[in-house]
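Remarks on the overall topology
Listed here are the chains, written in short residue letters.
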There are 2 protein chains.
Amino acid sequence: MKTKILQKLKETDGYLSGQELCDALGISRTAVWKYVNKLKEEGYRIEAVPNKGYHLLHVPDVFTESEIKSRLSTQWAGREVVCYSLVDSTNNAAKIAAEQGGVHGTLFLAEQQSSGKGRRGRNWVSPPGTGIWMTILLRPQLEPSCASMLTLVAALSVSRAIEEVNGLKAQIKWPNDVVVNGKKVCGILTEMSAEMEWIHYVVIGLGINVNVEEFPKELEATATSLRIEGKREVERVPIICTFLSYFETDYENFIREQNLSRFLEEYNKRLVNCGREVRVLEPKGEYTGVARGIDPLGALIVEREKGEMVRITSGEVSVRGIYGYV
Amino acid sequence: MKTKILQKLKETDGYLSGQELCDALGISRTAVWKYVNKLKEEGYRIEAVPNKGYHLLHVPDVFTESEIKSRLSTQWAGREVVCYSLVDSTNNAAKIAAEQGGVHGTLFLAEQQSSGKGRRGRNWVSPPGTGIWMTILLRPQLEPSCASMLTLVAALSVSRAIEEVNGLKAQIKWPNDVVVNGKKVCGILTEMSAEMEWIHYVVIGLGINVNVEEFPKELEATATSLRIEGKREVERVPIICTFLSYFETDYENFIREQNLSRFLEEYNKRLVNCGREVRVLEPKGEYTGVARGIDPLGALIVEREKGEMVRITSGEVSVRGIYGYV
């Protein structure tokens, strides 16, 4: 109901009378008043003028179910939202929810993570209020061996969202980072629980540095934020909603086709590795080559000496001139 | 210490004096006496004769850490053992332990499962005391896409163990069942938790019908037990220990080589599907063909009309004349 009232207030340019709200939503004036007060507590500035009604003056950039839902136009992505002011890791929260039957598309959002996770057990710095630390829970009809492609789909959706909302050129560092001006603004950590041929669930965690103003010395050279690059304070909720909207469509297309063919051209255009010398760190050793783009199954194609083409499906790839993993 | 005393008693044909035990293990006679009593409580029959010592008369077929460990000759497989008289599912117990740092090779054993799991959420009937319901926790250096091959490695190890211990011809129904005389005696359920290119852990659950004397009507045609097929009561612990011994070696070879080439010949000999007409149930539809064996990556090769060879990596395959999934 709070979400519906918020939506009505947003749809109205000037004042919306209490009576109109009552009629539209079928609740009492006292109930309207109570929900409006709850919204105020969450940081919304709502003016109430006798004989005129309610007027929404300011929407805070907060992670609440109502705020996310009132801006969403998706069918299932983010239709369930769980917001935390503090959580160990949104991926962990999503995994626990998944084990208990959490539904496809549920979004887990935190203002702060106490032990945010990067790949391979690395730490991810998640200070309060300055980033988007979120995880989406998925139950894909997909073979486990195809799940890694979901990271690439998410990377594409998030770079589109950043570009659309913030007007910054967002590139992808295969397989799971989004970079702006050569520095990382977003990392993606996809985890799954599966039987050998059947995925129980996948959680895709995204950490987006939004209003971080300064990074620790050791990250300065490799990490940046949307605020630093765009040189202005950035609203977080529009990025989330735009991401979910792109992702819902991209995901459905991907699941139907079970490959990345339709995304290849755009993905490879955004691929910061493309045409550049890369260093590939594999369990067996290290070598260099020139990245040529991804193939329909999400592998990175690297050209080695004498034109030999290698498909990289895992391991780490660093790009010369682009800051890689520390 | 209990395990060490048990081992000493097993190594001795006749009587072993309390003093010899004290000297060998560096503990007091009272301590020896206490541990011997604990063993008696677990069902061991130990005779104690003044001036002669202890004599092990009967070893019960129980799942205790001491009993398993006293018979194991492995380096890591089953070196940690967790025994339950009742648990929901050994796979679940192993997954919880894994999340809390459980070590590679830990074995989870239950006399009874209250909600034993089959593939794809199916139920697995696990009555008390008559079967081996166990799970081994692994932390393999392996790409998630290769994890399905572990099921095949385990199937091979368990069929060898059944053959060696019970003298029954054990065949494999690809990918995850072991059959004797065309009926299922063992099912394998492998689950994993992974990042896209990094396995957190794998749990391999094995349900072996050992001394089950009768099956419910609806399973009679498809399921059997070692006792029914061998026409005699069967000891469970030797099967477990023999399995672990084979599996440890097979696993290490597989992880080093990351493919099944070395197992192909034996696997395909044991493959009950081989050379037979099979019905393949795929998401896209159903078709028949003749199974030709597995390839080095664990896919089942099926020959369709006009000699077309298809690699089956998932889905279900039923074999004509062999009872399949219900």
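All figures in this text were calculated on a predicted structure; none of them were measured in a lab. (Residues numbered from 1 in each chain as written. Chains lettered and ligands numbered in written order. Predicted model: local features only at pLDDT ≥ 70, side-chain atom pairs only at ≥ 80, totals over all residues. Heavy atoms only, no water.)

1. Regarding the overall build of chain A
Secondary structure summary: chain A contains 9 helices and 14 strands in total. Whereas a compact globule of 326 residues would reach a radius of gyration of roughly 20 Å, chain A reaches 22 Å, a difference of no more than 12%. Here the C-alpha coordinates of chain A stretch approximately 80 × 45 × 35 Å along the principal axes. Scored against the burial criterion, the 326 residues of chain A give a buried share of 56%. Restricting to contacts in chain A with at least 6 residues of sequence separation, those with at least 24 account for 63%. Total accessible area on chain A is roughly 14400 Å²; 48% of this is exposed by carbon and sulfur atoms. (Helix = DSSP H or I, 4+ residues; strand = E, 2+ residues; numbered from the N terminus. Rg over C-alpha atoms; globule rule 2.2 N^0.38 Å. Buried < 20%, exposed > 50% of the residue type's maximum accessible area, 1.4 Å probe, protein only. Contact = heavy atoms within 4.5 Å. Areas by Shrake-Rupley, 256 points an atom, 1.4 Å probe, with all protein chains shown as cover.)

2. Considering the confidence of the model for chain A
For chain A, mean pLDDT is 89; residues scoring 70 or higher make up 96% of the total. Taken together, the chains of this predicted complex give a pTM of 0.79 and an interface ipTM of 0.70. (pLDDT = per-residue confidence, 0-100.)

3. A short note on the environment of Ser245 of chain A
Residues and elements named next belong to chain A. Here Ser245 is to be found in helix α8 (residues 237-257). The spatial distance from the C-alpha of Ser245 to the C-alpha of Leu72 is 7.6 Å, given a sequence separation of 173 residues. Dropping the residues within four chain positions of it, Ser245 is found in contact with Ser73 and Thr74.

4. Some points on unusual backbone geometry
Cis geometry is found at the peptide bond from Trp174 of chain A to Pro175 of chain A, where omega equals 0°. Mapped onto the secondary structure, Pro175 of chain A falls in the loop between β6 (170-173) and β7 (177-180). Even without glycine at this site, Asn51 of chain B takes up a positive phi of about 70°. Tracing the backbone through its elements, the reader meets Asn51 of chain B in the loop between β1 (45-49) and β2 (53-58). Given the relative accessible area of 86%, Asn51 of chain B is considered exposed.

5. Quick look at the packing of aromatic side chains
Applying the stated criterion across every chain yields a total of 6 aromatic pairs over all chains. Residues Trp76 of chain A and Tyr251 of chain A carry aromatic rings whose centres are separated by 5.1 Å and whose planes lie at 65° to one another, so their mutual orientation is edge-to-face. Within this pair, whereas Trp76 of chain A is found in the loop between α4 (65-71) and β3 (81-84), its partner Tyr251 of chain A is found in helix α8, the two being separated by 175 residues in sequence. Accessibility classification places Trp76 of chain A together with Tyr251 of chain A in one group, the buried group. Between Phe247 of chain B and Tyr251 of chain B, the ring centres sit 5.7 Å apart and the planes meet at 45°, which makes this aromatic pair tilted. Placement of the pair is Phe247 of chain B and Tyr251 of chain B together in helix α8 (residues 237-257), with a separation of 4 residues, close to one helical turn. Just as Phe247 of chain B is buried, Tyr251 of chain B falls in that class too. Among the aromatic residues, those joined into a cluster by ring pairs are Trp76, Phe243, Phe247 and Tyr251 of chain A. The side chain of Arg304 of chain A reaches across the aromatic face of Tyr287 of chain A, ending 3.9 Å from its centre. Here the guanidinium or amino end of Arg236 of chain B rests over the ring plane of Phe63 of chain B, the centre of that ring lying 4.0 Å away. (Phe/Tyr/Trp six-rings, centres within 6.5 Å; stacked < 30°, edge-to-face > 60°. Lys NZ or Arg CZ within 6 Å of the ring centre and 35° of its normal.)

6. Thoughts on the pairing of β1 of chain B
All names here are of chain B. Both β1 and β2 contribute to a ladder of 5 bridges, which runs antiparallel. The residue of β2 that forms the bridge with Glu47 is His55. Taking the residues between adjacent antiparallel strands as the criterion, β1 and β2 are bridged by 3 residues, where Asn51 takes a positive phi near 70°. (Pairing = 2+ DSSP bridges.)

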